[in-house]
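Letter by letter, the chains look like this.
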Amino acid sequence: MSESTSTNSSQLYEPKSGTYIDSHRSVQKNQELGVHKILKQSFQEMNDASDMKALLPIAILLDEMSSDSSETRTYCLQNLSTIALALGPARAKGLIGGFISNILKDQDEGIEDIPEEMKVMYTLLESLPRLVNLIGGPDHAPVLLQPLLDTIADRQKDETKTTYLNVIRSISAKMFRQNRAQIELILTNKIEELQSPKEQNAALQMEDMKVRISKEQQAALQIISYHYNLASPETLKIWLDIYKQLMLSNTQEVRKRAVLVLKDFINNAETDDDFQLSLSLAKEVFTNGKDFKSNLFLIVPAAVRHPSFQKLNKQAFISLYESFVTMQNNNAYNVFLDIMIESLNNMRENKIEQKIYNLLLDQFLKLSLVQELEIKRKIASLIGKLIVFIKESKFIYKSYLSQFQQLIQSTALEKNYQIRQNIIDSIVLILNQNLEKKLYYSQDETRFYIRQLFINLQAGDNDPKFKFLSKQKGFMIILQHISDGVFDQQEANQLIDSLVKVIRSLEVSTAWRMRHQTLVSIKDLLLNLIELKYHDIPCFDELHQSIYLMLQDRISAIREESYKALNILFSFYKQFNKKQLSLICFEKVKGLIEHQNYLVRVNLILGLREAFYIGEPLIAFLKTTHKHTPNVKLALLEILLNQKQKYPELLPINDPDQDVRECAQYLSKF
């Protein structure tokens, strides 16, 4: 190659100065030099133009990876395999290997909080196993593997570390098949290096150094948990010795990680022996570990899902599990409840026999006696899911249902709104399954759950912290079952009457948002009754009184919500031909036209938009508005605007107020 060609090539592929990566990335120009030096050297060693052409892909890659657009960089990395193929194994190993190393080592700590940047990283990681054969096969895989091993301790989030570990295992597995000694040496050296860092960074403060060592030791535990079943017995012994040492570390986070990785041991177990080894390590932690033993419950869902579970001596697992439940502390109780549903679903998927189910369900019932508030909240949130699970299962003893129903009944005495909130959500879940016909519930079961739902709705009616979302769900569920004929007419009317009382109980609240919610609930109740075509209810006097009071509220948002509720009420009466009730409601509210606050009078008029079917009594009343303030007359014109029938006698076309007069004259033309 001529001197001039070499010079031009060097200039062409010099990285962009100062802006190689955006503000979320830390790679600077001087950190790229390793790869660029290799690239320049490769250009200088070329003999002809065809060689130079072969290096163009990596040069373009380096140039486009300096883009500020994460989409551009993601697209580039999706084509790494193609670029490696174009370069050939020898060049790909040096150029792409250096490129990957630079990218992984030069990531900012905060990158994991930026979704766009993580998409770039995940694209890179997912492409690495495909590159193994393109850089010369497993013997050359350390070029890809080493940057991962060197940077896993730098990653902050478990999700990122899991992706790292899966990629490392995928690459390592190929090396284990072809060159076991090489990969075992690489992994053992890295694990030992992470376990006992020999070099300390003088730039780091003592506390920062402790954090760094903790992260590296945790990474060592994770690497072991992902590779233990690939190693030879001799290497495995070394790794397990390291695991047991770290299990007793003086650092809490390391000891905690030693417990958490047991789930990875089980998930990565490929044989019965691997599975048994995982359980034996769990027993070792329970027997000799210092703390964090409550996290041992996290292995239960993975264990009962594993294919080897059916083959092993069940008594071994039962014995281990029963040792776990002897831990009588809130941490253990919380973790057990967290894994309860997942464990049961995994058992059903793996067709585990009844005896194992009983272990979990019995423990759940024991915990229902615990008085700690957080435990009681979780119990309440899980009851519905457990009842649905038992109903779906064809082989679990139904006696558990009656015990759970008794547990639901006992919550009626609970004073904590969050427990009642969770119970309501549980019952709504159960009744939804019934409405959707996904599960069969007898008439007696359905009536039981509806009554319990209503009891809990009433129990929290005066608590401002009691979430109305669940109340709204509860109202709808009750109304739907009433519409389906679960209750006779008398009991159905009593339930709806009680619902209205529950709603109205908040209209005396000093918190205006709670009063506002009363009106929202009234609107929802009426709309649900319209949708369900259910109209034979006796409690309309309660609704009239509530709207009448709220129309006079000092808060404008409540007055506005009141006239909307009034319009829905008149629509309800019109749809079900209840003119007499309409007249009663109208007589109740019309006196507000003399209220001293003109805004109350305005909202009253706006609330009569749907009442025109009443006829002459309403028309005669509206004529009296001509003597009121312009705002009241404008409200009248607003409700006249969309009426199908025209009422020229109500138009104040000669009003002294210009705005009223012009609006009335405009309406008179249509």
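Residues numbered from 1 in each chain as written. Predicted model: local features only at pLDDT ≥ 70, side-chain atom pairs only at ≥ 80, totals over all residues. Heavy atoms only, no water.

**Some thoughts on the overall build of the protein chain**
Each helix and strand counted, the protein chain has 33 helices and zero strands in total. Of all 670 residues assigned to the protein chain, the portion counted as buried reaches 54%. Sequence-distant contacts in the protein chain: of pairs separated by 6 or more residues, those separated by 24 or more amount to 72%. In the form shown here, the protein chain has an accessible surface area of approximately 30,800 Å², with 49% of it arising from carbon and sulfur atoms. (Helix = DSSP H or I, 4+ residues; strand = E, 2+ residues; numbered from the N terminus. Buried < 20%, exposed > 50% of the residue type's maximum accessible area, 1.4 Å probe, protein only. Contact = heavy atoms within 4.5 Å. Areas by Shrake-Rupley, 256 points an atom, 1.4 Å probe, with all protein chains shown as cover.)

**With respect to the packing of helix α13 (residues 233-247) against helix α14 (residues 252-267)**
In a pair of packed helices, the angle between the axes and the distance between the axes together describe the arrangement. Two elements in contact, α13 and α14, have axes separated by 8 Å at closest approach and are oriented at 135°. On the basis of the axis angle, α13 is oblique to α14. Contacts from Tyr-243, Leu-246 and Met-247 of α13 reach α14 at Val-254, Arg-255, Ala-258, Val-261, Leu-262 and Phe-265. Split by residue class, the contact of α13 with α14 holds eight nonpolar, no polar and one charged. (Axes fitted to C-alpha atoms, helices over the stretch in contact; angles between N-to-C directions. Parallel < 35°, antiparallel > 145°, perpendicular 65-115°, else oblique. Nonpolar A, V, L, I, M, F, W, Y, C, P; charged D, E, K, R; others polar.)

**Overview of the pattern of salt bridges**
Scanning all chains against the criterion turns up 23 salt bridges. The partner of Lys-190 in a salt bridge is Asp-150, and the shortest N-O contact between them spans 2.8 Å. With Lys-190 in helix α11 (residues 180-195) and Asp-150 in helix α9 (residues 142-151), the pair connects residues that are 40 residues apart, well separated along the chain. What makes Lys-190 buried here is its relative accessible area of 5%. Residue Asp-150 is classed as partly exposed on the basis of its relative accessible area, which comes to 28%. (Salt bridge = Lys/Arg side-chain N within 4 Å of Asp/Glu carboxyl O.)

**Observations regarding the packing of helix α10 (residues 158-178) against α11**
Contact geometry of α10 with α11 gives a least axis separation of 6 Å together with a crossing angle of 135°. In terms of orientation, α10 lies oblique with respect to α11. Between α10, through Ser-172, Met-175, Phe-176 and Gln-178, and α11, the contact on the second element is made entirely by Arg-180, Gln-182, Ile-183, Glu-184, Ile-186 and Leu-187. The residue makeup of the contact of α10 with α11, split by class, is five nonpolar, three polar and two charged.

**Quick notes on α11**
Each full turn of the α-helix corresponds to 3.6 residues, which orients residues three or four apart in the same direction. Counted at 1.5 Å a residue, the expected span for α11 with its 16 residues is 22 Å, and the 22 Å between its end C-alpha atoms agrees. Residues of α11 that are buried: Ile-183, Glu-184, Ile-186, Leu-187, Thr-188, Lys-190, Ile-191, Leu-194 and Gln-195. (Expected span 1.5 Å × (residues − 1).)

**Brief notes about the packing of aromatic side chains**
The description of an aromatic ring pair rests on the distance of the ring centres and on the angle between the ring planes. Using the criterion set out here, one finds 18 aromatic pairs in the structure. Residues Phe-317 and Tyr-321 carry aromatic rings whose centres are separated by 6.3 Å and whose planes lie at 20° to one another, so their mutual orientation is stacked. With a gap of four residues between them, Phe-317 and Tyr-321 both fall in helix α17 (residues 314-324), about one helical turn apart. Residues Phe-317 and Tyr-321 agree in their burial class; the two are buried. (Phe/Tyr/Trp six-rings, centres within 6.5 Å; stacked < 30°, edge-to-face > 60°.)

**Section: unusual backbone geometry**
Most peptide bonds are trans, and most residues other than glycine sit at a negative phi. The phi dihedral of Phe-292 is positive, around 60°, even though this residue is not glycine. By secondary structure assignment, the location of Phe-292 is in the loop between α15 (272-288) and α16 (299-305). Looking at Phe-292, the relative accessible area reads 22%, which means it is partly exposed. In this structure, Asn-577 takes a positive phi of about 55° despite not being glycine.

**Some thoughts on the nonpolar core**
Within the largest apolar cluster, 209 residues are counted, with the highest numbers of intra-cluster contacts made by Tyr-243, Phe-297, Phe-336, Phe-364, Phe-404 and Leu-622. At ten residues, helix α20 (residues 373-392) tops the list of elements feeding residues into this core. Apart from residues no more than four positions distant in its own chain, Phe-297 is found in contact with Tyr-321, Phe-324, Val-325, Met-327, Ala-332, Val-335, Phe-336 and Ile-339. (Core = buried A, V, L, I, M, F, W, Y, C linked by side-chain atoms within 4.5 Å.)

**So, the environment of Asn-346**
Residue placement: Asn-346 occurs in helix α18 (residues 330-349). C-alpha of Asn-346 to C-alpha of Arg-305: the two residues are 41 residues apart in sequence and 5.0 Å apart in space. Setting aside anything within four residues of it in sequence, one finds Asn-346 in contact with Pro-301, Val-304 and Arg-305.

**Focus: the confidence of the model for the protein chain**
Considering every residue of the protein chain, the mean pLDDT works out to 83; 87% of them sit at 70 or more. In the predicted structure, residues 1-40 sits below a pLDDT of 50 and forms 71 contacts with residues beyond four places in sequence or in another chain. (pLDDT = per-residue confidence, 0-100.)

**Quick notes on the environment of Arg-515**
Tracing the backbone through its elements, the reader meets Arg-515 in helix α26 (residues 512-532). Residue Arg-515 is classed as buried on the basis of its relative accessible area of 6%. Sequence-distant contacts of Arg-515, defined by excluding residues within four places in its chain, comprise Leu-506, Glu-507, Ser-509, Thr-510, Met-550, Asp-553, Arg-554, Ile-555 and Ile-558.

**A look at the environment of Lys-627**
Looking at the element boundaries, Lys-627 is found in the loop between α31 (616-623) and α32 (630-641). Taking the C-alpha atoms as reference points, Lys-627 and Asp-655, 28 residues apart in sequence, are found 9.8 Å from one another.

**Let's talk about the side chain of Ser-225**
Relative to the helices and strands, Ser-225 is located in helix α12 (residues 206-227). Ignoring anything within four residues of it in the chain, the contact list for Ser-225 reads Val-261, Asp-264, Phe-265 and Asn-268.

**Quick look at α26**
The end-to-end C-alpha distance of α26, which contains 21 residues, comes to 30 Å, matching closely the 30 Å that a straight helix rising 1.5 Å per residue would cover. Most of α26 sits out of view: 15 of its 21 residues are buried. Residue Lys-533 follows α26 closely and has a positive phi angle near 55°.

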